[in-house]
Amino acid sequence: MTTNGAPTKLPSMNEASERDPFNNNSYGTLVNGSYKLVSLPVLDVIDFNERIIRGYEEGYGEKELPADLSLARSLIPAGTATLRDFSNIAPEIPEYIPENCTGCMDCVTECPDTAILGKVLSESEVEAKVAALPEADREMYRRQWAKTKKYYEAGKKKVGEGGLFQIVIDPSKCKGCAECVTVCDDNALKMVPKTNEVMTRARKTHRIFKDIGPSNPKYISDNLLIDMMLKEETHIYVGGAGSCAGCGEGTALRMLCAATGAKYGDQWGIVAATGCNTVYTSTYPYNPYLVPWTNSLFENAPADAIGVRMRWDQMGWQDKPLWCIGGDGAMFDIGFQSLSRMLASGMNIKVFVLDTQVYSNTGGQASTSSYTGQNTKMSVHGKVLGGKQERRKEIAQIAMMHPRTYVAQTTCAHVNHFYKSVLGALEFDGPAIVTCYTTCQPEHGVADNMASEQARLAVDTRAFPLLIYDPRKGEKIRDRLSLVGNPNMKEDWYVNPKTGEPLTFIDFARSEGRFAKHFDKDGNPSETLLRANQDRLENWRLLQELAGLR
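Okay, so let's go over this structure. (Residues numbered from 1 in each chain as written. Predicted model: local features only at pLDDT ≥ 70, side-chain atom pairs only at ≥ 80, totals over all residues. Heavy atoms only, no water.)

Strands sit in the order β8-β7-β9-β10-β14-β13-β15-β16 across an open sheet of eight strands; the sheet is mixed. The sheet is open, and its two borders are formed by β8 (293-296) and β16 (481-482), each paired with just one other strand. By the bridge criterion, four bridges tie strand β7 (residues 269-273) to strand β9 (residues 322-327) in an arrangement that is parallel. Opposite Gly269, over in β9, you have Leu322 as the bridge partner. (Pairing = 2+ DSSP bridges. Helix = DSSP H or I, 4+ residues; strand = E, 2+ residues; numbered from the N terminus.)

Have a look at this one:
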């Protein structure tokens, strides 16, 4: 850009500009941050962010940028997705209602896009921050802090002064899925139409939120795992990934990164198998991760991880965790042999399986993780066969039979179980695998705001039981295997306390579009679905037997 023949210096992509007047699209999640620089001769982070990201954000990148060495080398700097703006992709945005808030942190935890952010400060700190604002903004910002029992009343007893709590929406990262509203049992969030006034207030509030600095650590208890996202170091997975609105995988990756970041900061890495997760986290030029990340083939990510682990160990990096991430296709199917070999190796590698029960990336084909009766591509529900006829493969049980392997099966809806599963895997001095139920909204046939609800229902109906298998707990399987977290653990089915009726797999299937064709006009299930129900019951009884509950 030139003015009167002279080059015009543009503001940095990490600064306020005409396009981003409140600098919402800047590095740092809870506080302001700078670019994550690297000392590599083949990657100029500043040039990448200022020239290449600018080209894509302003819409001329694909046609006007010259041939790109970074692309040819398959390199993207850390956290570039934070410079991405999603402000205009949804008609609505959440609005915070502080007087209803209890500070439970569910909305912050379950947001797949790092768009719902929390902070806690002492009352006097908030007043000092408010006093430093322009007078026109003071009352607007003061009203956005909540006095909760969790931080205010408990803070008085613990610290001597009450803590004020705030939820802020990052308008540049929110995709309008309304998951935060759904998981909030206190009606502290509601969806409102985007107007100029609403968006200006959201942008300004988010800017002030980042400017005032970090949470006061005196109000954060390390014993409350759900509060870990009040710390900047846990936000390893920044907003700006290209996942679908409400994506269950996005939440799982955020929580995985938060738990690992809480313990190891950014001193760890990821080997990701090609799949949906690699598409929305590395669509050039956007990268949401703040740790080293590499993408391997669909079929051999665990083998790739073995190579990385061996090299890291040679370099003296034995204490740096390595996560190998993949979907059900990469881990249940084509990459299963590679996974089995890795688990048998005894190496200190952790595996995280994003179990959507379909090949989400390539159009929703069936996998061995798919449920019986599921209507997917390659197992279409037709006149002769009603969807998939095979039983689901249970990767957790198979992994348990490998030598000295830590195994967990969990969901993002069960926050403490999820975090304990991940932290347990990290603490285990050998191979570990954590399988997580993750909703794929378009392929499951559920609404954008339903990831947490469906994950919880999957557990309640025995579709996807929670478990942790820890070889350190004893010599017998029943000592090592825990089913704690599942409702009505010693019985066949969980009984709904409101209706007195058992919740079965039929109830789960009734709630999702992928099973819709199995119900007649009167709501009666098909024979195939009844077989699926029996399969889930038999799987649950097997787990009960292994855990010493039968």
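Further remarks concern the pairing of β9. As a general feature of sheets, a regular strand has side chains that alternate between the two faces. When you tally the buried positions in β9, you get six out of six residues, the bulk of the element. The side-chain alternation of β9 yields two buried faces, one formed by Leu322, Cys324 and Gly326 and the other by Trp323, Ile325 and Gly327. (Buried < 20%, exposed > 50% of the residue type's maximum accessible area, 1.4 Å probe, protein only.)

Another point: the packing of aromatic side chains. The final tally for this structure, using the stated rule, is 20 aromatic pairs. Taking the centre distance of 5.9 Å and the plane angle of 85 degrees together, the rings of Phe418 and Tyr419 count as edge-to-face. Given the relative accessible area of 0%, Phe418 is considered buried. Here the aromatic rings of Phe505 and Phe508 are separated by 5.8 Å at their centres, their planes lie at 35 degrees, and the arrangement is tilted. With Phe505 and Phe508 both in helix α20 (residues 505-510), this residue pair falls three residues apart, about one helical turn. Judged by its relative accessible area of 0%, Phe505 is buried. Among the aromatic residues, those joined into a cluster by ring pairs are Tyr371, Tyr437, Phe464, Phe505, Phe508 and Phe515. The ring of Phe336 carries the charged tip of Lys393 above its face, separated from the ring centre by 4.3 Å. Across from the ring centre of Trp540, 4.0 Å away, lies the NZ or CZ of Arg462, which sits over that ring. (Phe/Tyr/Trp six-rings, centres within 6.5 Å; stacked < 30°, edge-to-face > 60°. Lys NZ or Arg CZ within 6 Å of the ring centre and 35° of its normal.)

Another point: the pattern of salt bridges. When the charged atoms of two side chains with opposite charge come close together, those side chains can pair. In this structure the tally under the stated criterion is 27 salt bridges. In this structure, Asp227 engages Lys150 in a salt bridge whose closest nitrogen and oxygen atoms are separated by 2.8 Å. Separated by 77 residues along the polypeptide, Asp227 in the loop between α9 (196-211) and α10 (248-264) and Lys150 in helix α7 (residues 149-158) bring together distant segments of the chain. Accessibility expressed as a relative area gives 26% for Lys150, which makes it partly exposed. In this structure, the salt-bridge partner of Glu512 is Arg514, at a minimum N-O distance of 2.5 Å. Residue classification places Glu512 among the buried residues on the basis of a relative accessible area of 2%. The exposure class assigned to Arg514 is buried, which follows from its relative accessible area of 3%. The network of salt bridges with shared partners includes Asp355, Arg391, Arg392, Glu394, Asp535, Arg536 and Glu538. (Salt bridge = Lys/Arg side-chain N within 4 Å of Asp/Glu carboxyl O.)

The subject of this paragraph is the environment of Glu232. Within the secondary structure, Glu232 is located in the loop between α9 and α10. On the basis of relative accessible area, Glu232 is assigned to the partly exposed category, the value being 25%. Note: C-alpha distance between Glu232 and Ala330 (98 residues apart in sequence) is 32 Å. With sequence-adjacent residues up to four places away left out, Glu232 is seen in contact with Gly28, Thr29, Leu30 and Val31. (Contact = heavy atoms within 4.5 Å.)

What follows deals with a nonpolar patch on the surface. A contiguous nonpolar patch, built from Val38, Leu40 and Val42 and spanning about 230 Å² of accessible area, is present on the exposed surface. When you line up the elements, Val38 lands in the loop between β2 (6-7) and α1 (45-57). You can call Val38 partly exposed: its relative accessible area is 42%. (Patch = residues over 30% accessible without salt bridge, like charges linked within 9 Å, V, L, I, M, F, W, Y side chains within 5 Å. Areas by Shrake-Rupley, 256 points an atom, 1.4 Å probe, with all protein chains shown as cover.)

Take helix α14 (residues 336-345) next. Looking only at α14, the buried set comprises Ser338, Leu339, Met342 and Leu343. One side of α14 holds all its buried residues, which, seen down the axis, span an arc of 135 degrees. Looking at the packing, one finds that the buried side of α14 touches α12 (301-314), α13 (328-333), β10 (350-355), α15 (395-400) and β14 (432-437). Where α14 terminates, the next one or two residues include Gly346, which has phi positive at roughly 80 degrees. (Arc of directions from axis to C-beta.)

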